[in-house]
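The residues making up each chain are set out below.
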Amino acid sequence: LLYRAVSGTRPPTSFRLTEKFILLLVFSAFITLCFGAIFFLPDSSKLLSGVFFHSSAVETNTHTGPDSSDAGSAGNDDRLLAKIKKDHEKALLETTERSYMIKPVDDTALTRTDESPDLNILGCSQYIMMKHAWDSYKRYAWGSNELRPVSKQGHSSNLFGSIKGATIVDALDTLYIMEMFEEFDAATDWVEKSLDFNVNAEVSVFEVNIRFVGGLLSAYYLSGKEVFRRKAVELGEKLLPAFKTPTGIPWALLNLKSGIGRNWPWASGGSSILAEYGTLHLEFMHLSRLSGNPEFAQKVMNIRKVLNRLEKPQGLYPNYLNPNSGQWGQHHVSVGGLGDSFYEYLLKAWLMSDKTDEEGKKMYYDALQAIETNLMRKSTNGLTYIAEWKGGLLEHKMGHLTCFAGGMIALGADGAPGDKTGHQMEQAAEIARTCHESYARTTLKLGPEAFRFDGGVEAIATRQNEKYFILRPEVIETYMYMWRFTHDPKYREWGWEAVQALEQHCRVEGGYSGVRDVYASSPNYDDVQQSFYLAETLKYLYLLFSEDDHLPFEHWVFNTEAHPLPVIRKDKTDRPNEVE
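Within an unreviewed UniProt entry, the label attached to the protein chain reads alpha-1,2-Mannosidase, and the organism entered is Oreochromis niloticus. Under the UniProt heading Function (unreviewed entry), the entry covering the protein chain gives this text: "Involved in the maturation of Asn-linked oligosaccharides. Progressively trim alpha-1,2-linked mannose residues from Man(9)GlcNAc(2) to produce Man(5)GlcNAc(2)."

Okay, here's the thing in structure tokens:
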């Protein structure tokens, strides 16, 4: 019957071979078209607006919880998500053979010059990476501080004592910003029911502040959920005994139950560390605002009084300060480890105050001038780097941590005194280039923990204990700031290079792992998925490929763990989830 309907009066036995072949082709094409229409067309508005790249403002709270979505679409969402993941992995394998270019400034997607259909790959790649990191943590390490992705079990650092859930709290705002609301609700539920600070354990005041207090504050301002404000204030109050020293310079370590503090035994005769006591200001100012307790703000403002009374060698701030005597310890100066975020918080304190904190502003620009004079150097082949200063002698190395400085200098360039704005933007761009070179000159295209400019090498790690990569965010952070301020396409290109390297060398079945040697031909995993990978690295990548109105800098300031905190307007009362 079929043959007769198609071929008229000719009997089926009279079909020629070529006619049979043509009929088969037509039939096959029809089936393929129908299947493709059913399988490939997206049927979920959530996927189109959340998974794929978008520019909706996160400041407006549109989250109505998991019950607001159509339960019947879950299967289709999962199927489409699986396809996106497959396409994403395929594209990563193809990138070495294809070139990429940035569209004009108003368009945020990276597109291939061959006009292939994978136009949304960059928009969804950070979502896919976050999904894999979060799902792996939830599956293998839920409630633990961090994940061991190779051995697929929980991992806890002694930095947090017996407080649990560092990854959960650190990832809260990233989940919210990426509109992963189902995961955000699960994290919120854990915070409400299981996050406990009533522990008899010693914690790092610095790490607990930037990750837990910062993460809770940010989650509160983004979502408006009271549990986050309450938990942040509760933890802040438990940290206050750390300031019970003769000078008010806080201890590095604190027992949350007894209130007894001490400093790291290796830190220059019992000194407190600049980057630790100098990285409390943003969070404590917000704690005072949200709790009505001025003590938080008073504690961090007193730190400035102590510092301003001291003479600075060459205008520089040594990394060590004795909390008992109020005198500098060993004269070691670094814009990397031990010093870095102190300078960042001077600038951001001014910005977060709606540019009314003139003391913080002056301290920052004075310090930056001293850094430029004494620490910034240019290599033989023209790479700008920031060296370390030890008793007047320079050590010509730069840490991965120092690479944040490119973004910091760019962020502060607009407020630079005199006519230095252009000069500081040039410095920021040069530092970004140097840090990119530290990645490009490795085998795995991931940056080492530190790299040197001596002995005939430039931007290369020469010591084995400096060759590791632990999923750090600082280089990508600088790319994000430089993109926002310049819209130079190379910063997105460099960010995409980092995505490829992370996927190829750090992604494992159970999450993402750091590697022990970025110069090795294949990765040797350290088996730790750091909580800051979800809080910082993936968030900065997401923002790098977002539009500028996604957490705009005029309204938000990021703490050193990439937790966004709103600018405090002097004439208005900040309300959660509401920004002008």
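So, the sheet that holds strand 13 (residues 388–390)
Taken in spatial order, the three strands make up an open sheet running 10-13-14, and their pairing is antiparallel. Two strands in the sheet have a free side with no partner beyond their single neighbour: strand 10 (332–333) and strand 14 (393–395). Where strand 10 meets strand 13, two bridges bridge the pair, whose relative direction is antiparallel. Looking across to strand 13, one finds that H332 is bridged to K390.

Observations concerning the packing of aromatic side chains
Centre-to-centre distance and the angle between the planes together describe a pair of aromatic rings. The final tally for this structure, using the stated rule, is 27 aromatic pairs. Considering the side-chain rings of F485 and F553, the 5.6 Å spacing of their centres and the 40° angle between planes classify their relative orientation as tilted. Taken together, the residues span a long stretch of sequence, with F485 in helix 17 (residues 474–486) and F553 in the loop between helix 19 (531–544) and strand 19 (556–558) at a distance of 68 residues. According to the relative accessible area criterion, F485 is partly exposed, its value standing at 37%. When its relative accessible area of 17% is taken as the criterion, F553 is described as buried. In textbook terms, an aromatic cluster arises when at least three aromatic residues are bridged by ring pairs, as seen for Y481, F485, Y540, F553 and F558. Sitting over the ring of W142, K138 keeps its end group 5.7 Å from the ring centre. The side chain of R484 reaches across the aromatic face of F553, ending 4.8 Å from its centre.

Overview of the side chain of N319
Relative to the helices and strands, N319 is located in the loop between helix 12 (295–309) and strand 9 (320–321). Look at N319 and you get buried, because its relative accessible area is 0%. Among all residues touching N319, those that are not within four sequence positions of it are S272, I273, L274, H332, V333, S334, G337, L338 and G339.

A closer look at the state of the cysteines
Evaluated as defined, the whole model comprises one disulfide. Bridging C403 to C435, the disulfide has an S-S length of 2.0 Å. Residues C403 and C435 are joined by a disulfide whose S-S torsion is about -95°; by sign, that bridge is left-handed. Taken as a pair, C403 in the loop between strand 15 (397–399) and helix 15 (405–413) and C435 in helix 16 (residues 421–440) lie far apart in primary sequence, 32 residues in all.

Basis of the calculations
- Residues numbered from 1 in each chain as written.
- Predicted model: local features only at pLDDT ≥ 70, side-chain atom pairs only at ≥ 80, totals over all residues.
- Heavy atoms only, no water.
- UniProt positions renumbered as here; feature names shortened; annotations may be inferred.
- Pairing = 2+ DSSP bridges.
- Helix = DSSP H or I, 4+ residues; strand = E, 2+ residues; numbered from the N terminus.
- Phe/Tyr/Trp six-rings, centres within 6.5 Å; stacked < 30°, edge-to-face > 60°.
- Buried < 20%, exposed > 50% of the residue type's maximum accessible area, 1.4 Å probe, protein only.
- Lys NZ or Arg CZ within 6 Å of the ring centre and 35° of its normal.
- Contact = heavy atoms within 4.5 Å.
- Disulfide = S-S within 2.5 Å.

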